[in-house]
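Summary of the model geometry
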Amino acid sequence: LEQLVENQPDVIITDLMMPVMDGEQLVNTLRSNDQLSHIPVIVLTAKNAPGLDLTQMENGSDYILFKPIDHDRLNLILNNIVQRQ
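Residues numbered from 1 in each chain as written. Predicted model: local features only at pLDDT ≥ 70, side-chain atom pairs only at ≥ 80, totals over all residues. Heavy atoms only, no water.

A separate point is helix H4 (residues 71-84). The first and last C-alpha atoms of H4 sit 20 Å apart over 14 residues, in line with the 20 Å expected at 1.5 Å per residue. For H4, every residue scored as buried is listed here: Leu74, Ile77 and Ile81. Across the axial projection of H4, the buried residues extend over an arc of 65 degrees, all falling on one side. Facing away from the buried surface of H4 by more than 90 degrees, the exposed residues are His71, Asp72, Leu76, Val82 and Gln83. On its buried face, H4 is in contact with strand E1 (12-15), strand E2 (41-45) and strand E3 (63-66). N-capping of H4 is provided by aspartate 70, with a side-chain oxygen placed 3.1 Å from the backbone N of aspartate 72. (Helix = DSSP H or I, 4+ residues; strand = E, 2+ residues; numbered from the N terminus. Expected span 1.5 Å × (residues − 1). Buried < 20%, exposed > 50% of the residue type's maximum accessible area, 1.4 Å probe, protein only. Arc of directions from axis to C-beta. Contact = heavy atoms within 4.5 Å. Polar contact = N/O pair within 3.5 Å; in protein donor to acceptor, adjacent residues only side chain to side chain.)

Shown next as structure tokens:
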């Protein structure tokens, strides 16, 4: 989180399942931080539970991609984000 505040990335790509702080906790923390809340977040996951994508987007994720990652889709999302900024 310190690095995110310091570097202010254009987009954050994170995994849903991580040690220490999972992707959902990260998104919640980002969305409650005035310095970081504007940064688009793409969440990657191997979990494919029904409604997981909607739940994550309701929690503040901008996009959710299921593994294996479709690299063309990821590139398109990243290009769209960069063009909007």
